[in-house]
Each structure stands twice: as C-alpha cells, then as structure tokens.
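# Residue-level structure breakdown
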Amino acid sequence: MAPRNLLYMRSNFLFDSRCWMIPFSAEILFKSVSFRLFGVKCDNEDSEPLENELLNNLLTMGVDVDMAKKRQPGVFNRIGINEQDLKTFLLSKGASKEVIASIISRYPRAITRTPENLSKRWDLWRRITASDLEIVKILKRSPESFFRSNNNINLENNIKFLYSVGLTRKCLCRLLTNAPRTFSNSLDLNKQMVEFLQEVCLSLGHSDPIDFVRKIILKNPFILIQSTKRVKANIKFLQSTFNLNNEELLVLICGPGAEILDLSNDYAKRNYTNIKEKLCSLGCTEEEVQKFVLSYPDVIFLGEKKFNDKIDCLIEEKISILQIIETPRILDSSISTLKSRIKELVNAGYNLSTSNIALLSWSQKRYKAKFKKLNIG
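On a predicted model such as this, the values are computed, not experimentally measured, just so you know.

## Focus: the overall build of the chain
Per the secondary structure count, the chain includes 20 helices and 4 strands. By residue count, 43% of the 377 residues in the chain fall in the buried class. When the accessible surface of the chain is totalled, it reaches about 20,700 Å², and 51% of it is carbon and sulfur.

## Examining the nonpolar core
The biggest cluster of nonpolar side chains holds 106 residues, and the ones touching the most others in it are F212 and L279. Per-element tally for this core: the top contributor is helix α11 (residues 187-203), with 7 residues. Ignoring any residue separated from it by four or fewer positions in sequence, one finds L279 in contact with C284, V289, F292, F307, I311, I321 and I325.

## Observations regarding the state of the cysteines
All chains considered together, the criterion is met by 0 disulfides. Between C254, a cysteine without a disulfide, and C201, which holds the nearest cysteine sulfur, the sulfur-to-sulfur distance is 7.4 Å. A residue is classified by how much of its surface remains accessible, and C254, at 17% relative accessible area, is buried.

## With respect to the confidence of the model for the chain
Taken as a whole, the chain shows an average pLDDT of 85; of its residues, 85% reach a score of 70 or greater. Predicted confidence for residues 1-51 stays below pLDDT 50, and this span has 64 contacts to residues more than four positions away or in other chains.

## Re the packing of aromatic side chains
Taken as a whole, this structure holds 7 aromatic pairs when the rule is applied. Centroid distance F146 to F147: 4.9 Å. Interplanar angle 75°. Geometry classified as edge-to-face. In this structure, F146 and F147 share a single accessibility class: buried. Clustering of aromatic rings is evident, with ring pairs tying together F89, W122, W125, F146 and F147.

## A look at the side chain of R121
Along the chain, the position of R121 falls in helix α6 (residues 115-125). Residue contacts for R121: discarding those within four places in its chain leaves F146, S149, N150, N151, N152, L155 and S184.

## Focus on helix α10 (residues 169-178)
The complete set of buried residues in α10 reads C171, L172, C173, L175 and L176. Of the surrounding elements, those touching the buried residues of α10 are α6, α7 (132-141), α9 (152-164) and α12 (209-219).

## Focus on the pattern of salt bridges
One pass over the full model with this rule turns up 11 salt bridges. In this structure, D309 and K305 form a salt bridge, with 2.7 Å as the shortest nitrogen-oxygen distance. Of the two residues, D309 and K305 both sit in helix α17 (residues 304-316), 4 residues apart, roughly one turn of that helix. Residue D309 is classed as partly exposed on the basis of its relative accessible area, which comes to 27%. K305 gets classed as exposed once you look at its relative accessible area, which sits at 62%. Among the ionic pairs, E344 bridges to K368, the shortest N-O distance being 3.7 Å. Note that E344 is positioned in helix α19 (residues 335-347) and K368 in helix α20 (residues 364-376), a separation of 24 residues in sequence. Residue K368 is classed as partly exposed on the basis of its relative accessible area, which comes to 37%.

## Some words on the environment of R121
By relative accessible area, which is 2% here, R121 ends up buried. For the pair R121 and N151, spaced 30 residues apart in sequence, the C-alpha separation works out to 8.7 Å.

## Notes on unusual backbone geometry
Its identity is not glycine, yet N243 carries a phi of approximately 50°, on the positive side. Take N243: it is sitting in the loop between α13 (228-241) and α14 (246-253). Residues other than glycine seldom take positive phi values, yet K318 does so here, at roughly 70°. Within the secondary structure, K318 is located in the loop between α17 and α18 (321-326). Given a relative accessible area of 64%, K318 falls into the exposed group.

## Some thoughts on the environment of L139
Looking at the element boundaries, L139 is found in helix α7. Here L139 falls in the buried class, since its relative accessible area comes to 1%. Apart from the residues within four sequence positions on either side, L139 is in contact with L90, I103, R106, W122, W125, S145, F146 and F147.

## A closer look at α17
With 13 residues, α17 ought to run about 18 Å at 1.5 Å a step, and its terminal C-alpha atoms sit 18 Å apart, in line with that. Inspection of α17 places F307, N308, K310, I311, C313 and L314 among the buried residues, and these make up the whole buried set. Of the surrounding elements, those touching the buried residues of α17 are α15 (265-281), α16 (286-295), α18 and α19.

## Description of the packing of α15 against α16
Viewed as axis vectors pointing N to C, α15 and α16 meet at an angle of 130°, and their least axial separation amounts to 10 Å. The angle between α15 and α16 falls in the class oblique. For α15 against α16, the interelement crossing comes out right-handed. Across from Y272, I275, K276, L279 and C280 in α15, the residues of α16 making contact are E286, V289, Q290, F292 and V293.

Conventions adopted
- Residues numbered from 1 in each chain as written.
- Predicted model: local features only at pLDDT ≥ 70, side-chain atom pairs only at ≥ 80, totals over all residues.
- Heavy atoms only, no water.
- Helix = DSSP H or I, 4+ residues; strand = E, 2+ residues; numbered from the N terminus.
- Buried < 20%, exposed > 50% of the residue type's maximum accessible area, 1.4 Å probe, protein only.
- Areas by Shrake-Rupley, 256 points an atom, 1.4 Å probe, with all protein chains shown as cover.
- Core = buried A, V, L, I, M, F, W, Y, C linked by side-chain atoms within 4.5 Å.
- Contact = heavy atoms within 4.5 Å.
- Disulfide = S-S within 2.5 Å.
- pLDDT = per-residue confidence, 0-100.
- Phe/Tyr/Trp six-rings, centres within 6.5 Å; stacked < 30°, edge-to-face > 60°.
- Salt bridge = Lys/Arg side-chain N within 4 Å of Asp/Glu carboxyl O.
- Expected span 1.5 Å × (residues − 1).
- Axes fitted to C-alpha atoms, helices over the stretch in contact; angles between N-to-C directions.
- Parallel < 35°, antiparallel > 145°, perpendicular 65-115°, else oblique.
- Left-handed = near helix turned anticlockwise from the far one by under 90°.

Shown next as structure tokens:
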C-alpha cells in the first residue's frame, strides 16, 4: 500500500496529455477539507472505506437509487447536492415523504436545485395555481415540469407574456398541468406561436385574435411546444382535404380539430389516407368519409393497424359500416373492450344490428348500469 502522505492521481487537468503519474502530498491537497465529489464524501483523517453520504441519504429517504442513476447518472458526478434542502422544502409545501422519494427517483436532477431557486420558482408557479397542493400534484405526476429548468427569469417572462396576450389564469393552469414545457420555452418561441395564431385568425376573417388564441390553447394546450411550421402544415391539410371555407375552418380548428394541429403532418396525412381507403373498400363514398372524420377528428389519431383492426372487429360482429360511421366514438374503445361487451350484449339478447351501439364506448360505470337493466328486462 502506498504511504498515506502520497496520492497518485491521473488527471488531464493536473498533468499533460500523456497522463504522467506524479506524486503529490495528500496534506497539501486535502488538508482539513471534507467535501462531496462524485457523490462521495472524502476525508483524509483515516483509511476507513469512503462513506457515500449522498447515496446513504437518498436510501434513507426511500429513493430508488438504481432508477435515479439510470435516468440521470450525471447528477451523481456533481458537487453541490441539496437532497436534504429539497426534502425540507417539499415537506413544507405539503408533499409526503413517499412523493418526495418518487420525485427524486424519477427526476434526480431535482436535488441539484438550491433552496433559493426552489422558493422563487414555487412563488412563480403560485401566480398560476390555486394552492401548494395543486403544484405537488403536478410534481407527483411530472417532476420534470418543475425541475427541468432553473431559469426563473425566463419562467417569469413567459408568465407575464401569456397573461398579456389575454390568456386567463385558467388557461395558464391548463398549460402548466398538461404542457409545462411551455414555460421552459424561450420567450421568443412562445411569441412566435402566438403571433402566428393571431395572423391565422385575421387571415380567416375572425376579428378577435385574443379570443381565437385562447380557444385553441384551451382545446390544445400542447400547441405552444410545437413549431409554427407544423401547425401551418396541418391547417393547410385540413382546409384542402375537406374543402373548407374560411368560416368552416375557423369552427373546426377552434373546436374539435384543434387537437390535430400539433400532430406530425405526415402522420395525419397517412392516417387519413388509410381511413379513406378502408371505409371506401367497405362501400362508403368519399363524401361520407369526410363527414365521418369531421364529425370526430380524433379518429385521425388512430394509427393504420389500430383503426383497421377495430373496423374489422366490428364488421365481424355483424355491425354495419353505416352504424360505425354514424357512431364514431365507439372507436375510442379497445378491441378487447369491444369484444367483451359485444359478447355480453349478444348473450343478453341485445340486437346490435338494429339497436344503438353507442353503449360500446360508454364508461364502465354507465355501461354496467345499462347492462344490468337489460338483464332485468
């Protein structure tokens, strides 16, 4: 074993590019110093095994260290870790120890934030949310939303801007809950999208761009984290595919079609082409296909295989294509749900060919209540 007063180190910082091994005095380098380096507490006082203070603390807190290391291994190579400060802060806001452990396990970068940064960011979020517990719920579901960035100035500027263009607290809360990356965007990116939507509004003959932007964001909170190029391409796709005039397009993108605007344009086109080919092969006209999709634009979210498999499943069970296109929401249900309900209904004497098939898409509670009545009847 080497003498205790010698430390042999290999480092491009201390040595030249060939990494020569040079003796240094441990007393010179580490005298009276105790610090965390790479997640380890180093001390020169004795030769006992090095204590991994950070990992011990995290394990004591109930953190899944293996998960944390897999997700963000770089966190454990940093100096300035504040796991105890984070725990104290979140406990003071109403988070349970279990929630705190889950947050760190899934997004360990959280332990690198200082108490000052946490406090400032929390105060900014409270300008939007109704309570501390509402923020805790968001963190429980998506810890990245709060801890991904430590740029509080950018966050504050985004909040001010979004309020300035007419978005209400309700709108901002929806953004924070569903698309928190909006607030990590640069201010310029958010400005570009809002200004683009306002231009679209005016070009379509609508006189209230503030109302237009608010309606779209309420319908589709993810739109601000997409590119203007993608949204523009989807608006063009909707107008040209369905031969919509400006007024019809406004109604669509301010309503049920708003969610399509952030889809990949190629994905939307490919899915629509598949829907048209599948339904036309079963006897539908192109006009009927367009009416079907416009009545329920969410069907464009269904990939080719999933859409085709659901249609085939229903056709095999003697449900006509006319019934399907008149009740498009049944395609929301999984194939297993469709098959099990169809089997139950048929066994109960329910004639799917002549009866309402909407119950195939109902919630489990509502469906069970209806099924109970059928059995009693």
